Amino acid sequence: MNILDKNLISPVRGLVALALACASWSAIAQDKPWQNMGRDATPAEVKAWDIDVRPDFKGLPKGAGSVDLGTKVWEDKCASCHGIFGESNEVFTPIVGGTTEEDIKNGRVAALVEGAAVTVPQRTTMMKVATLSTLWDYINRAMPWNNPKTLTPDEVFGVTAYILNLANVVPADFILSDKNIAEVQQRMPNRNGMVFHEPLWKVTGKGDVKNVACMKNCEVDPKVRSFLPDFARDAHGNIAAQNRVVGPVRGADTTQPAPKGPVGSVPPPKAVVVAAASGGASDVKALLGANACLACHGINSKIVGPGFNEVVAKHKGRADLEAYLTGKVKSGGVGVFGSIPMPAQPQLSDADAKAIAQWIAAGAK
């Protein structure tokens with residue numbers, strides 16, 4: 001083969017290689033593997049998830065519920081967490097309270113206005129919520145907490161009507177429905193409380209970077225509107241042990257006396273890493289707190305589930321009490337103290353579950 005032949009072969013090889021490469025990329029482009037993954041949701045699946053109710057009440061199903069119906073549903077499925085009259089308990093914040101007839105008339109809760117002379121110890125749901133659709137939608141999709149999405153539309157209308165009646169928005173004989181809910185919206189106590197902040201909605205908006213809020217040497221005018229009695233300070237275990245060890249939020253160390261100075265005048269508590277219980281009462285309380293047991297059980301009183309002292313009293317004299325309680329702690333159950341189920345706690349080790357059971361059997365002190 002002469003030099004001329006070699007010079008001709010080299011460009012041909014390059015063209016062939018380029019053609020093969022283009023063909024390969026073309027095949028890859030035409031056969032994207034991710035195009036064959038999954039499937040389109042069926043109309044029934046979309047319908048099951050597409051349940052949101054908007055401020056203009058689009059998405060609201062047809063139905064109606066009276067205050068009387070709502071009362072029955074509330075007492076059966078809601079009162080155990082939120083109180084008979086929406087006053088709530090130790091765990092959940094109150095739903096009703098803090099609103100007045102003037103608020104209903106003006107559409108702005110006076111206690112929420114900056115610098116207002118009217119103050120309340122705690123902000124309730126009816127004080128804050130501006131749109132009735134929000135209240136209806138949340139009840140419909142998330143309640144009851146142990147069995148969400150099981151209420152019928154009529155029951156949701158009834159429960160919503162019951163809450164509105166407690167807040168004096170509707171009378172006791174009222175029937176809330178998809179036909180009149182827009183009219184009731186005009187009586188929501190904080191319907192005019194929403195603020196349109198332009199920078200959050202418009203790309204061309206300017207942020208609030210020229211505010212005049214006090215940033216240093218601010219006047220301190222503490223006003224104590226509520227406090228926790230000393231005897232109840234550690235009722236739910238050490239709050240500091242119930243927070244994650246990452247992030248800025250730290251709970252109060254309730255094993256120590258309450259600070260005397262104003263908020264921010266003492267160093268923040270250090271993060272507490274909860275170790276496995278060794279059998280001591282303080283260790284067990286920390287274990288209870290870390291596993292959210294104290295969200296449903298008080299030590300001396302019922303919250304959602306029975307107080308630990310009630311458990312001791314009910315099973316007093318049982319020979320296998322420790323073993324029985326260990327099993328209940330791990331596997332959960334329902335029916336012993338009512339219809340609200342206690343979820344299983346598989347994350348607990350056998351040793352921790354036994355430590356909790358021994359503490360309860362010894363009197364829960």
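Residues numbered from 1 in each chain as written. Predicted model: local features only at pLDDT ≥ 70, side-chain atom pairs only at ≥ 80, totals over all residues. Heavy atoms only, no water.

Considering the overall build of the chain
Next, step 1: When helices and strands are tallied, the chain shows 14 helices and two strands.
Next, step 2: In the chain, once contacts between residues fewer than 6 apart in sequence are set aside, the share between residues at least 24 apart is 58%.
Next, step 3: Accessible area of the chain: about 23900 Å², with a carbon and sulfur share of 58%. (Helix = DSSP H or I, 4+ residues; strand = E, 2+ residues; numbered from the N terminus. Contact = heavy atoms within 4.5 Å. Areas by Shrake-Rupley, 256 points an atom, 1.4 Å probe, with all protein chains shown as cover.)

Considerations on the side chain of His297
Next, step 1: Here His297 shows up in the loop between α11 (281-290) and α12 (308-314).
Next, step 2: Within polar-contact distance, the side chain of His297 engages the backbone oxygen of Pro306 at 2.7 Å.
Next, step 3: Beyond its immediate chain neighbours, meaning those up to four positions away, His297 contacts His236, Ile303, Gly305, Pro306, Phe308 and Met342. (Polar contact = N/O pair within 3.5 Å; in protein donor to acceptor, adjacent residues only side chain to side chain.)

Observations concerning the packing of helix α7 (residues 132-142) against helix α8 (residues 153-166)
Next, step 1: Two elements in contact, α7 and α8, have axes separated by 10 Å at closest approach and are oriented at 130°. As the angle between them shows, α7 and α8 are arranged oblique. Taken as a pair, α7 and α8 cross one another with a handedness that is right-handed. In contact with Leu132, Leu135, Trp136, Ile139 and Asn140 of α7, α8 contributes Pro153, Val156, Phe157, Val159, Thr160, Ile163 and Leu164.
Next, step 2: Tallied by class, residues from the contact of α7 with α8 come to ten nonpolar, two polar and no charged. (Axes fitted to C-alpha atoms, helices over the stretch in contact; angles between N-to-C directions. Parallel < 35°, antiparallel > 145°, perpendicular 65-115°, else oblique. Left-handed = near helix turned anticlockwise from the far one by under 90°. Nonpolar A, V, L, I, M, F, W, Y, C, P; charged D, E, K, R; others polar.)

Details of the packing of helix α3 (residues 67-77) against α8
Next, step 1: The contact between α3 and α8 brings their axes to 7 Å, and the two run at 95°. Classed by the angle they form, the pair α3 and α8 counts as roughly perpendicular. Contacts between α3 and α8 involve Val67, Leu69, Gly70, Thr71, Val73, Trp74 and Lys77 on the former and, on the latter, Asp154, Glu155, Gly158, Val159, Ala161, Tyr162, Ile163 and Asn165.
Next, step 2: Residue composition of the contact of α3 with α8, by class: eight nonpolar, four polar and three charged.

Considering the packing of aromatic side chains
Next, step 1: Applying the stated criterion across every chain yields a total of three aromatic pairs.
Next, step 2: Note on Trp74 and Tyr162: the rings are 5.4 Å apart at their centroids and 45° apart in plane angle, and the pair reads as tilted. With a gap of 88 residues between them, Trp74 in helix α3 and Tyr162 in helix α8 connect regions that are remote in the sequence.
Next, step 3: It is Lys314 that lies over the ring of Phe337; its NZ or CZ is 5.3 Å from the centre.
Next, step 4: A cation over an aromatic ring shows up here: Arg318 above the ring of Tyr324, its NZ or CZ 3.8 Å from the ring centre. (Phe/Tyr/Trp six-rings, centres within 6.5 Å; stacked < 30°, edge-to-face > 60°. Lys NZ or Arg CZ within 6 Å of the ring centre and 35° of its normal.)

Considering the nonpolar core
Next, step 1: Counting residues in hydrophobic clusters, the biggest one holds 34 residues, and the most contacted among them are Met126, Ile163 and Leu164.
Next, step 2: Mapped onto this core, the elements with two or more residues apiece are α3, α7, α8 and α9 (181-185).
Next, step 3: Those residues in contact with Leu164 that lie beyond four places of it in its chain are Met126, Leu132, Val169, Val170, Leu176, Val184 and Met188.
Next, step 4: Ranked by size, the runner-up nonpolar core spans 20 residues in total, among them Val284, Val311, Ile356 and Ala357. (Core = buried A, V, L, I, M, F, W, Y, C linked by side-chain atoms within 4.5 Å. Buried < 20%, exposed > 50% of the residue type's maximum accessible area, 1.4 Å probe, protein only.)

Details of the environment of Asp154
Next, step 1: Locating Asp154 in the fold gives a position in helix α8.
Next, step 2: As for Asp154 and Pro61, which are separated by 93 residues in sequence, their C-alpha atoms are 9.4 Å apart.

Focus: the confidence of the model for the chain
Next, step 1: Averaged over all residues, the pLDDT of the chain is 80; the fraction at 70 or higher stands at 78%.
Next, step 2: This model gives residues 1-12 a pLDDT under 50, and the stretch forms two contacts once residues within four places in sequence are excluded.
Next, step 3: A low-confidence stretch, residues 274-279 (pLDDT under 50), is modelled with twelve contacts involving residues beyond four sequence positions or located in other chains. (pLDDT = per-residue confidence, 0-100.)

Considering the pattern of salt bridges
Next, step 1: Applying the stated criterion across every chain yields a total of five salt bridges.
Next, step 2: The salt bridge partner of Asp137 is Arg141, with a shortest N-O separation of 2.7 Å. Of this pair, Asp137 and Arg141 are both found in helix α7, four residues apart, which corresponds to roughly one turn of the helix.
Next, step 3: Relative accessible area serves as the criterion here: at 29%, Arg141 is assigned to the partly exposed category.
Next, step 4: The closest approach of N and O atoms between Arg318 and Asp320, which form a salt bridge, is 2.7 Å. (Salt bridge = Lys/Arg side-chain N within 4 Å of Asp/Glu carboxyl O.)

Let's talk about unusual backbone geometry
Next, step 1: Each neighbour pair has its own omega, and for Met143 with Pro144 the value is -10°, a cis peptide bond.
Next, step 2: With respect to the element layout, Pro144 can be found in the loop between α7 and α8.
Next, step 3: Of note, Phe57 is a non-glycine position whose phi angle comes to about 70°, a positive value.
Next, step 4: Structurally, the position occupied by Phe57 is in the loop between α2 (43-49) and β1 (64-66).
Next, step 5: By relative accessible area, which is 14% here, Phe57 ends up buried.
Next, step 6: Phi angles above zero are rare outside glycine, and Asn168 is one such case at about 65°.
Next, step 7: Among the secondary structure elements, Asn168 is positioned in the loop between α8 and β2 (175-177).

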